[in-house]
Amino acid sequence: MRGRGVVLMANSILNASELDGAVATLIDVLRAVGHRGGYLECAQHVEEVFGQEFDTSHCSVTDQADAELARAKKAYDHLSLPVMDLVPEALKHDD
């Protein structure tokens, strides 16, 4: 473990497919939440300029975006990586 073992172990953790999937989901959901927020902010500016309500019902991002973000965060926070089960055993060995 003293040589490259720790680096290889860290690399295995960072390259775990479960972690990749959770991060990709978070990125997608955050993009949707950001898009929705930007769209609604822009609509608010249009309403202020023209003095009339702007129809935002056709926004492609649903009102459920915040709930989806909460689910994605919870999944990430409770992520279980099978490779982590190997770490205690690997730390017992010198190399």
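Residues numbered from 1 in each chain as written. Predicted model: local features only at pLDDT ≥ 70, side-chain atom pairs only at ≥ 80, totals over all residues. Heavy atoms only, no water.

## Side note on the overall build of the chain
When helices and strands are tallied, the chain shows 4 helices and 0 strands. The order of helices and strands in the chain, counted from the N terminus, is α-α-α-α. For 95 residues, the compact-globule estimate of 2.2 N^0.38 gives 12 Å, and the chain exceeds it by more than 25% at 22 Å. Seen through its principal axes, the chain has C-alpha atoms that stretch 70 × 20 × 15 Å. (Helix = DSSP H or I, 4+ residues; strand = E, 2+ residues; numbered from the N terminus. Rg over C-alpha atoms; globule rule 2.2 N^0.38 Å.)

## Section: the nonpolar core
Ranked by size, the top nonpolar core spans 8 residues in total: Leu26, Val29, Val33, Cys59, Val61, Ala65, Leu69 and Ala72. Going through the elements one at a time, helix H2 (17-50) and helix H3 (65-77) are the ones with two or more residues in this core. In this structure, Leu69 is in contact with Leu26, Val29, Leu30 and Val33, ignoring residues within four places of it in sequence. (Core = buried A, V, L, I, M, F, W, Y, C linked by side-chain atoms within 4.5 Å. Buried < 20%, exposed > 50% of the residue type's maximum accessible area, 1.4 Å probe, protein only. Contact = heavy atoms within 4.5 Å.)

## Regarding the side chain of Arg36
Along the polypeptide, Arg36 turns up in helix H2. Once residues lying within four places of it in the same chain are set aside, the contact partners of Arg36 are Val61, Thr62, Asp63 and Ala65.

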